[in-house]
Protein chains: 2
Amino acid sequence: MSLRFALLAMLTSQPMTGYDVYKNFETSVGYVWHAPDSQIYPELRRMEQDGLIRGETVPWGRKGTKKRYEITVDGVAAFRAWLNEPPQYTRERDPLRLRAAYLEWAEPDAGRQFFRDHIDYHGGRIRDWEDMIRTLRDHTNPTLARRLEGQPEDEWQRIVEYKVFAYEGLIERARAEVAWAERGLALVDRLEGAERPASS
Amino acid sequence: MSLRFALLAMLTSQPMTGYDVYKNFETSVGYVWHAPDSQIYPELRRMEQDGLIRGETVPWGRKGTKKRYEITVDGVAAFRAWLNEPPQYTRERDPLRLRAAYLEWAEPDAGRQFFRDHIDYHGGRIRDWEDMIRTLRDHTNPTLARRLEGQPEDEWQRIVEYKVFAYEGLIERARAEVAWAERGLALVDRLEGAERPASS
DNA sequence: ACAGACTACCTATGTTCATAGTTAGTTGGC
DNA sequence: GCCAACTAACTATGAACATAGGTAGTCTGT
């Protein structure tokens, strides 16, 4: 059900086509939510049926057309209602931690590689999110810029700060992952002294 | 595909029925992986077809029977292969961070409640995982105890340490979430000075 | 003028997972 | 002797998501 609200969130900044949404999920916004186009187009149609958004066919080039959706009053109300209701936490399902718990069955080098990959992956995400925060703070983020256009200037701070804060949360969590994986490398070295083979 | 390996992981400690697996997912092991029984029974049948586990019908009471599965040599090999191959990281999809990024649309009190819920939820998980670590360290965890029975004593340390370390990772991440949510409470107080209503 | 990249939208298929049931036997307490 | 709780296993349905295609039009550089 979150896809629907991710789409509403995007459409609160400006009207967009399904393709625009897809592109945003592929790049910047994709740092916090992602969906393939095969999920986006049908969901937009359902949302239009439910009156949350309104589609308008606009010309594109000489013969082409595209469908631009804008959020409706009902859509804004639904988005607000979602934000005001308590979130539900889903059950734990952590394939990486599952692996880590059984590393005594793996080759020591596979264990080391696992933690190095973990550090690389989360290090990369941290850099992405730090860049994102920079573009939010200096208002060079295009989606943010278009959002701010429609808002009074004394609201700008609130809008920016909540978004920056969300990305800071992702960064804090990723830093915890990196710190953990670094301890993991040391653990493998400690447990797998020299020649020890994988457990039987 | 991870469910399959979660099941193999459990069956490396001892033979189990589908119901045993289900009960474990509901309680202790559920702290790291969870699945409903409607997913477990069919997957066990598929795994038996693929030769990863072997099912044996055993009597239960006077008329009842149950099917106990044990892991096969092929199953152990498949589990090892999974652990040795590099994990694949899935795309970001974080409904809670999505919410947090748009809290300027919510009621201030809903924002505060959001962060308090976040602290409560992750605080609870931390306590669960800390208890789990205690039962791993003192070998009172029944699943661990049965696993150690089948292993030479000089392997015990490795087996326990990797499991403890996995839970420590969950705890570190959850602590980052709590710290973030505490900063979030302060942020709401700072941005929503007194009477300010939700943004338009 | 045309190839190649991009925009725009769509469909099909299969997996994973949640939710909500059903059936049948067992065990323990009163 | 019977009820409640538990053990054991199964089925049906729908949402969410991944993967992999397809069609048609547009734009840009050479």
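From a predicted model like this one, the values you see are computed outputs, not experimental measurements. (Residues numbered from 1 in each chain as written. Chains lettered and ligands numbered in written order. Predicted model: local features only at pLDDT ≥ 70, side-chain atom pairs only at ≥ 80, totals over all residues. Heavy atoms only, no water.)

Peer 1: Please give an account of the protein's contact with DNA strand D that cites residues and values.
Peer 2: As a matter of local geometry, DNA strand D sits amid 22 residues, with A:Met1, A:Ser38, A:Arg62, A:Lys63 and B:Lys67 nearest to it. Close to the protein, within 4 Å, the atoms of DNA strand D are drawn from sugar and phosphate at a rate of 68%. Residue A:Trp60 places a main-chain N or O atom 3.4 Å away from a phosphate oxygen belonging to DNA strand D. B:Arg93 places a side-chain nitrogen or oxygen 3.0 Å from a phosphate oxygen of DNA strand D. For the surface near DNA strand D, the secondary-structure elements that each account for two or more residues are α3 (37–49) of chain A together with α2 (18–26), α3 (37–49) and β3 (64–71) of chain B. Residues that form the surface near DNA strand D fall into these classes: 6 nonpolar, 7 polar and 9 charged. (Near = heavy atom within 4 Å. Polar contact = N/O pair within 3.5 Å; in protein donor to acceptor, adjacent residues only side chain to side chain. Helix = DSSP H or I, 4+ residues; strand = E, 2+ residues; numbered from the N terminus. Nonpolar A, V, L, I, M, F, W, Y, C, P; charged D, E, K, R; others polar.)

Peer 1: Let's hear about the packing of helix α6 (residues 108–137) of chain B against helix α8 (residues 156–191) of chain B: which residues, and what values?
Peer 2: Residue and element names in this part refer to chain B. The N-to-C vectors of α6 and α8 enclose an angle of 160 degrees; their axes lie 8 Å apart at closest approach. By the angle between their directions, the pair α6 and α8 is classed as roughly antiparallel. You can see that α6 and α8 cross each other, and the crossing is left-handed. Residues that form the contact of α6 with α8 fall into these classes: 20 nonpolar, 5 polar and 10 charged. (Axes fitted to C-alpha atoms, helices over the stretch in contact; angles between N-to-C directions. Parallel < 35°, antiparallel > 145°, perpendicular 65-115°, else oblique. Left-handed = near helix turned anticlockwise from the far one by under 90°.)

Peer 1: An account of the interface of chain A and chain B is requested, with residue identities and associated values reported.
Peer 2: A common way to express how large an interface is: the accessible area buried when the components associate. Taken together, the contact pairs 83 residues of chain A with 83 residues of chain B. Buried area between chain A and chain B, summed over both chains or domains, comes out near 8200 Å², and the portion from carbon and sulfur atoms is 57%. On the chain A side of the interface with chain B, the three residues burying the most area are A:Tyr89, A:Trp105 and A:Tyr162, jointly 11% of the side's total. If you look at where chain A meets chain B, you find 16 salt bridges. Across the pair B:Asp94 and A:Arg173 runs a salt bridge whose closest N-O atoms are separated by 3.6 Å. For the side of chain A that touches chain B, the secondary structure elements donating two or more residues are α1 (2–11), α2 (18–26), α4 (73–84), α5 (95–101), α6 (108–137) and α8 (156–191) of chain A. Of the residues forming the side of chain A that touches chain B, the biggest block, 23 residues, is contributed by α8(A). Residue composition of the side of chain A that touches chain B, grouped by class: 43 nonpolar, 14 polar and 26 charged. (Contact = heavy atoms within 4.5 Å. Buried area = accessible area lost by both parts, 1.4 Å probe. Salt bridge = Lys/Arg side-chain N within 4 Å of Asp/Glu carboxyl O.)

Peer 1: Before we move on, can you summarise the protein's contact with DNA strand C with the specific residues and values?
Peer 2: Around DNA strand C sit 22 residues, and of these A:Asp37, A:Lys67, B:Ser38, B:Arg62 and B:Lys63 come closest. Protein-adjacent atoms of DNA strand C, using a 4 Å cutoff, are sugar or phosphate at a proportion of 63%. Measuring from a phosphate oxygen of DNA strand C, one finds a backbone N or O atom of B:Lys63 at 2.7 Å.

Peer 1: So what about α6(A)? Which residues, and what values?
Peer 2: An α-helical turn contains 3.6 residues, so any two residues separated by three or four positions project in the same direction. Spanning 30 residues, α6(A) covers 44 Å between terminal C-alpha atoms, matching the ideal 44 Å at 1.5 Å per step. A positive phi of about 60 degrees marks A:His139, the residue just after α6(A). (Expected span 1.5 Å × (residues − 1).)

Peer 1: Kindly report on the pairing of β3(B), identifying the contributing residues and their values.
Peer 2: Residues and elements named next belong to chain B. The pairing of strand β1 (residues 16–17) with β3 spans 2 bridges and is classified as antiparallel. Considered in β3, the bridge of Thr-17 is made with Arg-68. Strand direction decides the pairing type here: strand β2 (residues 53–60) and β3, joined by 8 bridges, are antiparallel. Within β3, the residue paired with Pro-59 across the bridge is Thr-65. Hairpin connection between β2 and β3: a loop of 3 residues separates the two successive antiparallel strands, and Gly-61 in this loop has a positive phi of roughly 70 degrees. (Pairing = 2+ DSSP bridges.)

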